[in-house]
Structure formats: C-alpha cells, structure tokens
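As a plain string of letters, each chain reads:
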Amino acid sequence: MNTRAVGTDGEEMACQYLARNGVRIKERNFRCKLGEIDVIGYDEGYLVFFEIKYRKNSSKGSAVEAVDYRKQKRICKVADYYRMIHRLGDNTAVRFDVVAIDAEEIKWFKNSFDYVVN
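Right, let's walk through the structure included here. (Residues numbered from 1 in each chain as written. Predicted model: local features only at pLDDT ≥ 70, side-chain atom pairs only at ≥ 80, totals over all residues. Heavy atoms only, no water.)

**Observations regarding the sheet that holds strand 1 (residues 24-32)**
Adjacent strands of a sheet pair through backbone hydrogen bonds, lying either parallel or antiparallel. As summarised here, the arrangement of the five strands in space is 1-2-3-4-5, forming an open sheet in which the pairing is mixed. The outermost strands of the open sheet, each flanked by one partner alone, are strand 1 and strand 5 (105-109). Looking at each pair of strands side by side, their axes are set apart by 25 degrees on average, direction ignored. The sheet contact formed by strand 3 (residues 46-55) and strand 4 (residues 94-102) spans nine bridges and is parallel. Its bridge partner lying in strand 4, leucine 47 is registered against valine 94. (Pairing = 2+ DSSP bridges. Helix = DSSP H or I, 4+ residues; strand = E, 2+ residues; numbered from the N terminus. Axes fitted to C-alpha atoms, helices over the stretch in contact; angles between N-to-C directions.)

**Things to note about the nonpolar core**
Counting 15 residues, the largest nonpolar core has Ile37, Ile40, Phe49, Tyr82, Phe96 and Phe113 as its most contacted members. When contributions to this core are tallied by element, the ones reaching two or more residues are strand 2 (35-43), strand 3, helix 2 (69-85) and strand 4. Of the residues forming this core, the biggest block, five residues, is contributed by helix 2. Dropping the residues within four chain positions of it, phenylalanine 113 is found in contact with Val67, Gln72, Ile75, Cys76, Phe96 and Val98. Core analysis: the second largest hydrophobic core is formed by eleven residues, Ala14, Val23, Val99 and Trp108 among them. (Core = buried A, V, L, I, M, F, W, Y, C linked by side-chain atoms within 4.5 Å. Buried < 20%, exposed > 50% of the residue type's maximum accessible area, 1.4 Å probe, protein only. Contact = heavy atoms within 4.5 Å.)

Here it is in structure tokens:
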C-alpha cells in the first residue's frame, strides 16, 4: 500500500472517530496554493482546523511530533485563507487540533497549538 493510501485510510479513521465524538465535519482536504488542511469542522462552538497524522510505528517518532512549528505556520496561513474566502471574520472562534494515530491508537489533541503569526 502506498503512503497516500495509508494517509487516506488514517484520515478516514480519524473522521469516523471525530464524528462519533460530536464533531460536525464541514470539509476534508481543503487545498489552496498555500497548502492543505486535512479536516475542517465544528466542535464545541469552534471552527476547528484538524491536522491528521498517522504512523504505523515509532521509527520516525510519534504522529503528534510530526506537527512541527513549520507545519503549524502553514496550517495557520491556510486557515486564514479559508476564513477569508468564506467571509468568516476575526470574531469566529477557531481552534487548531491534531488527531494522532500511532499504529491503531487514536489520540485527539484539542487546542494542540496556538495561532502562529504569519
């Protein structure tokens, strides 16, 4: 199985998990020239931008460790663009979460990182 298919399977597992836990998924794989956000949804009054990371083993570190500062900055830029094109103002409550899948264990890190100023 190629890495893209593995990522897609991991993303599907994460979306099912999020839906079971009350997240209203609005969009998947939002792409623009600035980058991509895996999943966008609503949870507890927040518009949440989810980064989904899957690791079949720990040889490259844990899944959550893969969301480094550079990745966080890119996610924030894409989130800004998403909010702009959907006319969501600065008063929209947003959150950045990571769903980490290590082997078959899913962990949801709410408010995983703060907005990174571009």
